[in-house]
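# Structure assessment
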Amino acid sequence: MGAYQQTYQRSLDDPEGFWAEVAEAIHWDKKWDKVLDDSGAPEYHWFAGGKLNTCYNAVDRHVEAGFGDQLALVYDSPATGKQRSYTYAELQDQVARLAGVLAEKGVGKGDRVIVYMPMIPEAAFSMLACARLGAIHSVVFGGFAANELAVRITDAAPKAVLTASCGIEPGRVIAYKPLLDQAIEMAECKPDFCLLLQRPQEAASMIPGRDLDWEECMATATAHGCVSVEATDPLYILYTSGTTGEPKGVVRDNGGHAVALTWSMRNIYDVQPGDVYWAASDVGWVVGHSYIVYAPLFNRNTTILFEGKPVGTPDAGVFWRVIEEHKVNVLFTAPTAFRAIKKEDPDGTFIKKYDISSLRSLFLAGERSDPATLEWAEEKLAVPVVDHWWQTETGWAICANCLGLEQFPTLHGSAGKPVPGWNLQVLDESGKQVESDKIGALVVKLPLPPGAFPTLWNAPKRWYQAYMAEYPGYYLTADAGMIDANGYAHVMSRTDDIINVAGHRLSTGGMEEVLAGHPDVAECAVMGVADEMKGQVPLGLLVLKSGVDRNPDDVVAEVVALVRERIGPVAAFKKAVVVNRLPKTRSGKILRGTMRKIADSEPWKMPATIDDPAILREIGDSLRTIGYAGDK
Ligand code: COA
Ligand code: AMP
């Protein structure tokens, strides 16, 4: 048996023994009473009774061990033409003083703090400062609209919001402050204060008595120490798309998270302390939480915080420039970033201009990796390219090629084999395990390993219904797929209405709620159709109310603007078409799956339950008017 198989088997046969050993790698203020508390099953808690501080494990511990001069964080911003770097000692100073500012204003253990920040070092400082105090951070991605921010403020009821005056997107500056002010206005709970970093690209106006200036507060701040918290206390809430417009607040605890992520760096990514690790994502997503901020710092790596895009800032060579300049050893990004680079530079001309010899491997996640992109990356970079599968809920990879354990041959189209800790199975509708190579629901037998979410914030019933109810004893991933005869997992598609647009997770149900709110729309459907660069993009179908005789193009333009205004530009909702009616089953369910196949020109069968077959022909005709449903 190889190292992978041995470790995997051990993690399933004796999870408590396995994780208790792994947990020795981090610093505990007090050891746990119980490795796994299963008294509330299916809600499990790892390292119950243990006490620690996440920020201490990410920062202070390394300074105390004599690594204060090692680079902890490098900020590389082609968006602004700036770079800054922080050693572990400098990071400790920034974070301890920021924690001091927050503590002085009354933020303490268990309080929520919203972080609404672009990709700047202060975003990472904010997360770590909260962790230092035992406060619970909730980072909101900058590409969301005020309404989405408001929903998160209402649900998290934060004591404070940490923000910056603006974010920078190619060709435009996004003023954050008006969005924040609007969101606070809309939210049912108001924060006590907002701490705002003024960036030179855009000055924000401040509301006296509520808004505080970051630099001013930091100038007089006193350092605050690390507050010991329970391993089972929440570290953060990260809202992610659910099947409705109401986002799900995924909760991450402190102990299991630190243990699992530290293990993942060595065993999945094969990264040793001192290595340079770059996750080209955004702190607003789970990849940013786990692999820009926490895991590399737990493992004493240098992490790269990149404010730019794979193309256009300034060109398709920027990834290689960053690798050369900072001697990046491991890169992690979404396949869409590579599709964008490949489109601009198919021959890899830019790659040849830089010395990328420090790079040992590339990891891809966030959406399915199409084999063509994967092969291109393998050929051009000449390093192992690993597709691995995970979710906001899981916090780290369910399947991968664990390079630190034992590298197995890559199988294009597969996201690798189950990672130790994850008892992945494929079940049919009746809950029976299906044979190899047969598609079914991808589920994980409980308990989930440390680092996975214990629950949803403020929504234990929703947590149970969404993830635990369908197959008792298993976590429902809501991905469909299969495991082949050699143990490789293949993740095919979501079983709910989530789509992945440029690696960003979005709910078509949420978009439908926005479209349905337009005064002229009687009925609507949104589906994710194939897109060469973004993997998927949303496409809307609208039925107008009877008597509405407006130009359909005007209504389409209005709903496109409405989604941008309510959900945000990140939804990338740009296409919709007005149709006479929507195809439904006899019980009234809209046939989104069949329409998607028609739009993508895939083979489809007339559903036996359809109430009127002629509608699908009409839908095909309408889709052709906007460039879909062509003949293949
Ligand atoms: N703040 C404000 N607006 C944002 C934003 C942010 N943080 N991030 C994206 N947006 C906007 C974009 O400007 C764009 O607006 P537009 O409609 O006016 O052009 C819109 O949201 C859609 O963004 P995106 O889907 O990212 O498309 P893009 O065309 O700007 O870039 C890629 C395409 C492929 C370059 C880009 O998606 C990318 O770098 N992807 C990497 C994948 C990634 O980081 N995934 C995260 C999970 S690992
Ligand atoms: P998120 O919660 O944003 O990380 O999105 C999680 C979803 O993205 C998963 O449920 C999958 O549908 C999809 N996903 C992530 N990684 C992969 C992958 N490697 N292969 C296929 N789908 C993936």
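Residues numbered from 1 in each chain as written. Chains lettered and ligands numbered in written order. Predicted model: local features only at pLDDT ≥ 70, side-chain atom pairs only at ≥ 80, totals over all residues. Heavy atoms only, no water.

## Quick notes on the overall build of the chain
Our working rule: Strands here mean DSSP runs of E at least two residues long; helices mean DSSP runs of H or I at least four residues long; both are numbered from the N terminus. Only the C-alpha atoms count toward the radius of gyration. The rule for a globule is 2.2 Å times the residue count to the power 0.38. Relative accessibility thresholds used throughout: buried, under 20% of the residue-type maximum; exposed, over 50%; partly exposed, between the two (1.4 Å probe, protein chains only). When charges are counted, Lys and Arg contribute as positive and Asp and Glu as negative, whereas His and the chain ends are disregarded. One atom stands in for each charge, and that atom is NZ of Lys, CZ of Arg, CG of Asp or CD of Glu.
On a plain count of helices and strands, the chain comes out with 19 helices and 31 strands. Relative to a compact globule of 632 residues, whose C-alpha radius of gyration would be 26 Å, the chain shows 24 Å and is just as compact. A total of 632 residues make up the chain; the buried ones form 60% of that total. On the chain, the mean spot of the 61 positive side-chain charges and the mean spot of the 81 negative ones are 2 Å from each other.

## Quick word on the pairing of strand 30 (residues 535–544)
Rule in force here: Two strands are counted as paired when DSSP detects at least two bridges linking them. A crossover gets the label right-handed when its path from the first strand over the helix to the second runs clockwise, viewed with the strands pointing away from the viewer.
Taken across its ten residues, strand 30 has eight buried, putting it largely inside the fold. As paired strands, strand 29 (residues 521–531) and strand 30 are joined by ten bridges and run antiparallel to one another. The partner of Val529 across the bridge, within strand 30, is Val537. Counted along the chain from strand 29 to the antiparallel partner strand 30, the turn is three residues long. Judged from the four bridges that link them, strand 30 and strand 31 (residues 575–578) form a sheet pairing that is parallel. Residue pairing for strand 31: Gly540 is matched across the bridge by Ala576. Regarding the hand of the β-α-β motif, the stretch spanning strand 30, helix 17 (residues 552–566) and strand 31 is right-handed.

## Let's talk about the sheet that holds strand 24 (residues 440–445)
The test is simple: All axes here are fitted lines through C-alpha atoms, helices being fitted over the stretch that makes contact, and every angle between N-to-C directions spans 0 to 180 degrees.
Strand order in the open sheet formed by four strands is 23-24-25-26, and the pairing between neighbours is antiparallel. The open sheet has two edge strands with one neighbour each: strand 23 (424–427) and strand 26 (489–494). Sheet twist, expressed as the mean angle between neighbouring strand axes with direction ignored, is 50°. Relative to strand 25 (residues 474–483), strand 24 is paired through five bridges, and the arrangement is antiparallel. Each residue of the ladder has a partner; that of Val443, found in strand 25, is Leu476.

## Considerations on the packing of helix 9 (residues 255–267) against helix 10 (residues 286–298)
The condition is simple: These descriptions rest on fixed angle ranges, namely under 35 degrees for roughly parallel, over 145 for roughly antiparallel, 65 to 115 for roughly perpendicular, and the rest for oblique. Between two residues, a contact is recorded if the distance between any of their heavy atoms is within 4.5 Å. When residue character is reported, Ala, Val, Leu, Ile, Met, Phe, Trp, Tyr, Cys and Pro are called nonpolar, Asp, Glu, Lys and Arg charged, and the others, Gly included, polar.
Helix 10 packs onto helix 9 with a crossing angle of 85° between their chain directions and a minimal axis gap of 8 Å. Considering their axes alone, helix 9 and helix 10 lie roughly perpendicular with respect to each other. Only Ser290, Tyr291, Tyr294, Ala295, Pro296 and Phe298 of helix 10 make contact with helix 9, whose side of the interface consists of His257, Ala258, Leu261, Thr262, Ser264 and Met265. Classifying every residue of the contact of helix 9 with helix 10 gives eight nonpolar, four polar and no charged.

## Side note on the site of ligand 2
This is how it is decided: Throughout, the term near means that a residue has one or more heavy atoms lying within 4 Å of the molecule or strand in question. As used in this structure description, the phrase polar contact means that two N or O atoms lie within 3.5 Å; if the pair is within protein, one of them must be able to donate a hydrogen and the other to accept it, and residues adjacent in sequence are counted only when both atoms belong to side chains.
Near ligand 2 you find 14 residues, and of these Asp387, Thr392, Asp479, Arg494 and Arg505 are the closest. Between ligand 2 and the protein, one listed contact pairs a nitrogen atom with a backbone N or O atom of His388 at 2.8 Å. At 2.5 Å from an oxygen atom of ligand 2 is found a side-chain nitrogen or oxygen belonging to Thr392. In terms of residue class, the shell around ligand 2 is made up of three nonpolar, five polar and six charged.

## Structural notes on the environment of Leu506
Secondary-structure assignment places Leu506 in strand 28 (residues 504–507). Residue Leu506 is classed as buried on the basis of its relative accessible area, which comes to 2%. In this structure, Leu506 is in contact with Ser241, Asp497, Ile498, Ile499, Val501, Met511, Val570 and Ala571, ignoring residues within four places of it in sequence.

## A few points about the site of ligand 1
Cut-off, in case you're wondering: Per-residue accessibility takes into account occlusion by the displayed protein chains alone, with areas from the Shrake-Rupley method and a 1.4 Å probe. For the domains described, the bounds stem from an automatic or database domain assignment.
The environment of ligand 1 is made up of 22 residues, and the closest members are Glu169, Arg172, Lys534, Arg564 and Lys574. One nitrogen or oxygen atom from the side chain of Lys309 is found 3.3 Å from an oxygen atom belonging to ligand 1. At 2.9 Å from an oxygen atom of ligand 1 is found a side-chain nitrogen or oxygen belonging to Lys534. Contact with the protein chains covers 85% of the free accessible surface of ligand 1, which is 940 Å². Broken down by class, the residue content of the shell around ligand 1 amounts to ten nonpolar, six polar and six charged. The residues that make up the shell around ligand 1 include at least three from each of domain 1 (3–308 + 388–468) and domain 2 (498–624).

## Observations concerning unusual backbone geometry
Here the bond from Thr313 into Pro314 is cis, since omega is -5°, no more than 30 degrees from zero. Locating Pro314 in the fold gives a position in the loop between strand 17 (302–306) and helix 11 (318–326). Cis peptide bonds are those with omega within 30 degrees of zero, and the linkage from Leu446 to Pro447 qualifies with 0°. Of note in this structure, Arg300 is not a glycine but carries a positive phi near 55°. Of note, Arg300 is situated in the loop between helix 10 and strand 17. We classify Arg300 as buried; its relative accessible area is 15%. Phi at Ala502 is positive, roughly 55°, even though this residue is not glycine. Relative to the assigned elements, Ala502 resides in the loop between strand 27 (498–501) and strand 28. For Ala502, a relative accessible area of 16% corresponds to the buried category.

## Description of the pairing of strand 8 (residues 160–164)
Of all five residues that make up strand 8, five are buried, and the element is covered over most of its length. Covered by surrounding structure in strand 8 are Ala160, Leu162 and Ala164 together with Val161 and Thr163, the residues of both alternating faces. Sheet topology places strand 6 (residues 112–116) next to strand 8; four bridges connect them, and they run parallel. Residue pairing for strand 8: Val113 is matched across the bridge by Ala160. Both strand 8 and strand 11 (residues 193–197) contribute to a ladder of five bridges, which runs parallel.

## Details of the nonpolar core
Test applied: Among buried residues, those of type Ala, Val, Leu, Ile, Met, Phe, Trp, Tyr and Cys that are joined through side-chain atoms within 4.5 Å constitute a nonpolar core.
Phe47, Leu128, Ile268, Tyr291, Tyr294, Phe332 and Trp396 are the most contacted members of the largest nonpolar core, which has 120 residues in total. Non-local contacts of Phe47, meaning those with residues more than four positions away in its chain, are made with Trp19, Ala20, Ala23, Trp28, Trp32, Lys34, Val35, Ala231, Gly255, Gly256, Val259 and Pro450. Val555, Val577, Ile598 and Leu623 belong to the second-largest nonpolar core, a separate cluster that totals 43 residues.

## Regarding the environment of Phe573
Residue position: Phe573 is located in the loop between helix 17 and strand 31. When the C-alpha positions of Phe573 and Glu558 are compared, they lie 12 Å apart, and in sequence the two are 15 residues distant. Residues contacting Phe573, with those up to four places away along its chain left out, are Met511, Leu515, Val526, Pro538, Leu539, Gly540, Val559, Val560 and Val563.

## Examining the domain arrangement of the chain
Condition: The buried area of a pairing is the accessible area, by a 1.4 Å probe, that goes missing from both parts when the two are put together, added over both. Basic side-chain nitrogens of Lys or Arg form a salt bridge, by our definition, when they fall within 4 Å of a carboxyl oxygen of Asp or Glu.
Along its sequence, the chain is carved into domain 1 (3–308 + 388–468) and domain 2 (498–624). Relative to domain 2, the C-alpha centre of domain 1 lies at a distance of 34 Å. Listed per partner, the contact involves 16 residues of domain 1 and 15 residues of domain 2. Carbon and sulfur atoms make up 50% of the area that domain 1 and domain 2 hide from each other, which totals about 1200 Å². For the pair domain 1 and domain 2, the interface holds one salt bridge. The partner of Glu393 in a salt bridge is Arg505, with the nearest N and O atoms 2.9 Å apart. Put simply, domain 1 and domain 2 have five residue pairs in polar contact (both at pLDDT 80 or more) between them.

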